[in-house]
Amino acid sequence: MSIYDTLNKEQKEAVLTTEGPLLLLAGAGSGKTRVLTHRIAYLIDQMGVNPWNILAITFTNKAAGEMRERVDQIVGFGADQVWVSTFHSTCVRILRRYIDKLGYDNHFTIYDTDDQKSIIKDVCKRQMIDTKTLKERSVLSAISSAKNELLSPTEYELQAMGDFQKKKIAACYKEYQRELKKSNALDFDDLLVMTVELLKSCPEVLNQYQERFRYIMVDEYQDTNTAQFELIRLLADKYRNLCVVGDDDQSIYKFRGANIRNILDYEKVYPEAKVIKLEQNYRSTGNILDVANAVIRNNRGRKEKTLWTAKEQGSRIHFRQFDNGYEEAEYISDDIAALVRKGQAHYGDCAILYRTNAQSRALEERLVVDGMPYKVVGGINFYARREIKDILAYLKTIDNGRDDLAVKRIINVPKRGIGNATLDKIQSYADMRGITFYQALEQMDQITSLGRAASKLEPFVKMIQVFKAKAKYYGIVDMIHEIMDTIDYGAYLQDLDDDDANDRMENVEEFLNRAVFYEQTHDEISLSEFLEEIALVADIDSLENGADRIVLMTLHSAKGLEFPCVYLAGMEDGLFPSYMCISSDDPGDLEEERRLAYVGITRAQEELTLTCARSRMIRGENQYNPVSRFVQEIPRELMDNTPPQTRAMEPGDFRPKAILRPRVTPKENKPYIAQGIGGLNKIAGITKGDSMETLGELEYREGDRVRHLKYGEGTVLQIAKEPRDYKVTVTFEKAGQKIMYASFAKLKKV
DNA sequence: TTTTACTTCGTTTTT
DNA sequence: CGAAGTAAAA
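Residues numbered from 1 in each chain as written. Chains lettered and ligands numbered in written order. Predicted model: local features only at pLDDT ≥ 70, side-chain atom pairs only at ≥ 80, totals over all residues. Heavy atoms only, no water.

Re the overall build of chain A
- Within chain A, the regular secondary structure consists of 30 helices and 22 strands.
- Out of the 750 residues belonging to chain A, those deemed buried represent 55%.
- Long-range pairs, those at least 24 residues apart, make up 74% of the contacts in chain A between residues at least 6 apart in sequence. (Helix = DSSP H or I, 4+ residues; strand = E, 2+ residues; numbered from the N terminus. Buried < 20%, exposed > 50% of the residue type's maximum accessible area, 1.4 Å probe, protein only. Contact = heavy atoms within 4.5 Å.)

Right under this line is the structure:
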């Protein structure tokens, strides 16, 4: 009995088909990850393939991590040699080695969305673009789409002939790209574009990677865009051992450039391709599957397949309509509480999915009131938070002085009296000389126009130089401490907004934890590498498996996950499907939305509940929406409740009730912190289940002698109780007086 | 240069 | 409604 005997017929065939192009049409829950990992094992153990020659590509770090783990479990020897990674990390690894061939410095930085925005803002200003008619966001998304389609600025310009608007965008694209290059920076899309360009222009590099990656596997193939497709095609061109796995019914990233044709036309590009369909679902009950099939059936232009299950029919799915979003939230919260009470589920078995991130708020508020443990995935990215970005900008400046944006961000943080006027003077000097902003700073005595401002700049430059020198032998954690102490960041945060200071400090602490984790898990500590790993994290990556908490996330984030109990909230026409795509003239938009519904439904293993509200607060006003058309597509006999027919709104249909419920913001009263990214939900010294308000006792009092890791010994001058932490003032022998947070400072009584 | 008060605008979805 | 950006005042 081998590990391969546990596979069904189709799965087994997929595993044994090792040579040539292979398209795996894997329906939801059909065990595709299992097939992929077993296929890798089979290649290594049975076919004698060198693990070194295998590449497995996923979209998120989480997926990559899981695959890595499972491969490790079943492959006897050499599993760590298999290259398992995301598209973006793969590209970064290649570019770090060879991007100099494209005229970039191998030490490039990666710009995130915020960075992109500030660049494009500048560019638009210089191009004299009226941002009322042509918004920066649209320019940016046009550039992104162009890159996804591998269109260079010049090619885009050619295409724009005669189109006034497009010509403007083309000009922006060109200048935007020039700016990025000047800062030796790449945006997310560039990572792919540049890698493709590199492989196309350097045959010897291409050949090297073709030889290395003789067996290639791509997960979630339906979500690949043209650039990703081209990258894969190039790499696989020599040996043609390309196995792609995907489900056209789960293609939900068109807005991000995903090209559904990549999967639909796979057989045209690879005529010799073998196609295997995995249609047996191991995840959901028969009823849930029937619901999913009934909904997706309404889409045209899909590869025909019908999921089936050997599982029992299970209970009917649930449908409930409420007067407003608050009652919807209350119901879901109560329902989960009841399940848990009856012992039918754990919190961690339950997921609440919604269309837009904004919907999480009402749900969160309710869960907080009811004291339910939960965790929100998504929203504002952890690394996009102000306090984290500040520290990151310091690190980037120290690591790579060419990152103008980072330097400009921190030059007046904390306030040094350096304003826009000064910045502009330095920038124009830099432009004149063709040097970077930081280089201009270093030679500021040459900039005569600066006048008195120079005296404010000098200490800043000195400080960075000291940091740079220390960075040579300091670890990352030490470096962060050093920065924070030098600029007295805690005081700065408090000055900024006393209410938020605590939250922000917690985030900083979590950031430090990650730095510690990085140092512990890497033999060679490199600041650049650390910054790079951070740049490529997605929200979903943080979702840890073990925690017993209700998970809240968007339908998009939920792809690839499964839960015993799933709640789909906000099933209303206008919200889901969104108003945007109902009014769109492209019927494909609605189909994509329907696929999203399909993804949502197929996340459920046992119980599925659909909820909606008659009225809902959106953008500060009440909206009245009918029940989602996707609910109407579900046969009545599969539901425990009959949804009201969708019909046009008439006056007097709804009686909007005054909502008396006091609004509680999660911020003031949160048993579990709900923040963008996982792992965040711990506060030092407070274990899960504790309420934040029950502040632990401190082991020292005013007047006691204490020891600090960095400052050494001192005397506690004052302890002030704050909502979630103690603020301790200590006079240190060596370092002098410092004000710090107890949970952060980790003071020890002596 | 910094702070404050007022206006505007947005919601899909994110590696 | 709330965040974020802009104009005016200090």
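Describing the protein's contact with DNA strand B
- Taken together, 24 residues are adjacent to DNA strand B, and Phe59, Arg137, Arg256, Arg355 and Met580 come closest.
- Those atoms of DNA strand B that come within 4 Å of the protein belong to sugar or phosphate at a rate of 58%.
- At a separation of 3.2 Å, a phosphate oxygen of DNA strand B approaches a polar side-chain atom of threonine 554.
- Between DNA strand B and serine 557 there is a distance of 3.4 Å, counted from a phosphate oxygen to a side-chain nitrogen or oxygen.
- Contributions of two or more residues to the surface near DNA strand B are made by helix 19 (420–433) and helix 26 (555–558).
- Split by residue class, the surface near DNA strand B holds seven nonpolar, nine polar and eight charged. (Near = heavy atom within 4 Å. Polar contact = N/O pair within 3.5 Å; in protein donor to acceptor, adjacent residues only side chain to side chain. Nonpolar A, V, L, I, M, F, W, Y, C, P; charged D, E, K, R; others polar.)

Quick look at the packing of aromatic side chains
- Inspection of every chain in the model, using the stated rule, returns 16 aromatic pairs.
- Taken together, a centroid distance of 5.2 Å and an interplanar angle of 90 degrees make the contact between tyrosine 4 and tyrosine 42 edge-to-face. Of this pair, tyrosine 4 sits in the segment before helix 1 (9–16) while tyrosine 42 sits in helix 2 (residues 32–45), placing them 38 residues apart in sequence.
- Given a relative accessible area of 7%, tyrosine 4 falls into the buried group. (Phe/Tyr/Trp six-rings, centres within 6.5 Å; stacked < 30°, edge-to-face > 60°.)

Topic: the packing of helix 9 (residues 188–201) against helix 10 (residues 203–212)
- Two numbers describe how helix 9 lies on helix 10: the axes approach to 5 Å, and their chain directions differ by 105 degrees. Our classification of the angle between helix 9 and helix 10 gives roughly perpendicular. Facing helix 9, whose interface residues are Leu198, Leu199 and Ser201, helix 10 presents Pro203, Val205, Leu206 and Tyr209.
- Its residues placed into classes, the contact of helix 9 with helix 10 shows six nonpolar, one polar and no charged. (Axes fitted to C-alpha atoms, helices over the stretch in contact; angles between N-to-C directions. Parallel < 35°, antiparallel > 145°, perpendicular 65-115°, else oblique.)

Let's talk about the nonpolar core
- Counting residues in each nonpolar core, the largest one holds 54 residues, and the members touching the most others are Leu395, Leu441, Phe460, Ile480, Tyr489 and Phe511.
- Sequence-distant contacts of phenylalanine 460, defined by excluding residues within four places in its chain, comprise Val407, Ile410, Ile411, Arg416 and Leu441.
- One finds Cys91, Ile216, Tyr266 and Tyr270 within the second-largest nonpolar core, a separate group that totals 48 residues. (Core = buried A, V, L, I, M, F, W, Y, C linked by side-chain atoms within 4.5 Å.)

Brief notes about the confidence of the model for chain A
- Taken as a whole, chain A shows an average pLDDT of 84; of its residues, 89% reach a score of 70 or greater.
- This model gives residues 648–695 a pLDDT under 50, and the stretch forms 102 contacts once residues within four places in sequence are excluded. (pLDDT = per-residue confidence, 0-100.)

Concerning helix 28 (residues 587–601)
- Under the 1.5 Å per step criterion, the end-to-end length of helix 28 is 21 Å for 15 residues, consistent within 8% with the ideal 21 Å.
- Burial runs high along helix 28: 12 of the 15 residues are buried.
- At the N-terminal end of helix 28, a side-chain oxygen is found 2.8 Å from the backbone nitrogen of glycine 588, two or three residues along, and the residue is aspartate 586. (Expected span 1.5 Å × (residues − 1).)

A few points about unusual backbone geometry
- With an omega of -5 degrees, the peptide bond between valine 413 and proline 414 qualifies as cis.
- Following phenylalanine 576, the chain continues to proline 577 via a peptide bond in cis, the omega torsion being 5 degrees.
- Looking at the element boundaries, proline 577 is found in the loop between strand 15 (563–568) and helix 27 (579–582).
- Residue arginine 240 is not a glycine yet carries a positive backbone phi of 55 degrees.
- Among the structural elements, arginine 240 can be located in the loop between helix 11 (226–236) and strand 7 (242–246).

Focus on the pairing of strand 12 (residues 350–354)
- For strand 12, the buried fraction is high: five of the five residues fall into the buried class.
- By the alternation rule, side chains of strand 12 split into Cys350, Ile352 and Tyr354 and Ala351 and Leu353, which are all buried.
- Relative to strand 15, strand 12 runs parallel, the two being bridged by four bridges. Of the residues in strand 15, the one forming a bridge with alanine 351 is valine 566. (Pairing = 2+ DSSP bridges.)

Side note on the state of the cysteines
- Summed over all chains, the structure comprises zero disulfides.
- With no disulfide of its own, cysteine 172 has cysteine 124 as its nearest cysteine by sulfur position, at a separation of 4.4 Å.
- Sulfur of cysteine 612: no disulfide; nearest cysteine sulfur belongs to cysteine 581 and is 17 Å away.
- Residue classification places cysteine 612 among the buried positions, given a relative accessible area of 0%. (Disulfide = S-S within 2.5 Å.)

With respect to the side chain of glutamate 591
- Of note, glutamate 591 is situated in helix 28.
- No salt bridge is formed by the buried glutamate 591, whose closest oppositely charged neighbour, arginine 595, lies at an N-O distance of 4.5 Å. (Lys, Arg positive; Asp, Glu negative; His and termini not counted. Salt bridge = Lys/Arg side-chain N within 4 Å of Asp/Glu carboxyl O.)

Brief notes about the sheet that holds strand 6 (residues 215–218)
- One open sheet holds the six strands; their spatial order is 3-2-6-7-1-8, and the pairing between them is parallel. Each of the sheet's edge strands pairs with one partner strand only, and the pair in question is strand 3 (83–86) and strand 8 (274–278). Across the sheet, the mean angle separating the axes of adjacent strands is 15 degrees when strand polarity is ignored.
- In this sheet, strand 8 lies alongside strand 1 (residues 22–26) in parallel orientation, the contact comprising five bridges.

Structural notes on helix 6 (residues 136–148)
- The terminal C-alpha atoms of helix 6 lie 18 Å apart, and with 13 residues this matches the ideal 18 Å at 1.5 Å per residue to within 8%.
- Among all positions in helix 6, only Val139, Leu140, Ala142, Ile143, Ala146, Lys147 and Asn148 are buried.
- Here the buried face of helix 6 lies against helix 5 (113–126), helix 7 (153–159), helix 8 (164–182), strand 5 (185–187), helix 9 and helix 11.
- Where helix 6 ends, the next residue or the one after it, leucine 150, has phi of about 60 degrees, a positive value.

So, the packing of helix 21 (residues 453–471) against helix 22 (residues 476–487)
- Here helix 21 crosses helix 22 at 160 degrees, and the two axes come no closer than 11 Å. Relative to helix 22, helix 21 is oriented roughly antiparallel. Helix 22 is crossed by helix 21, and the crossing has right-handed handedness. Across the interface between the two elements, Met463, Phe467, Lys470 and Ala471 from helix 21 touch Met479, Glu482, Ile483, Thr486 and Ile487 from helix 22. (Left-handed = near helix turned anticlockwise from the far one by under 90°.)

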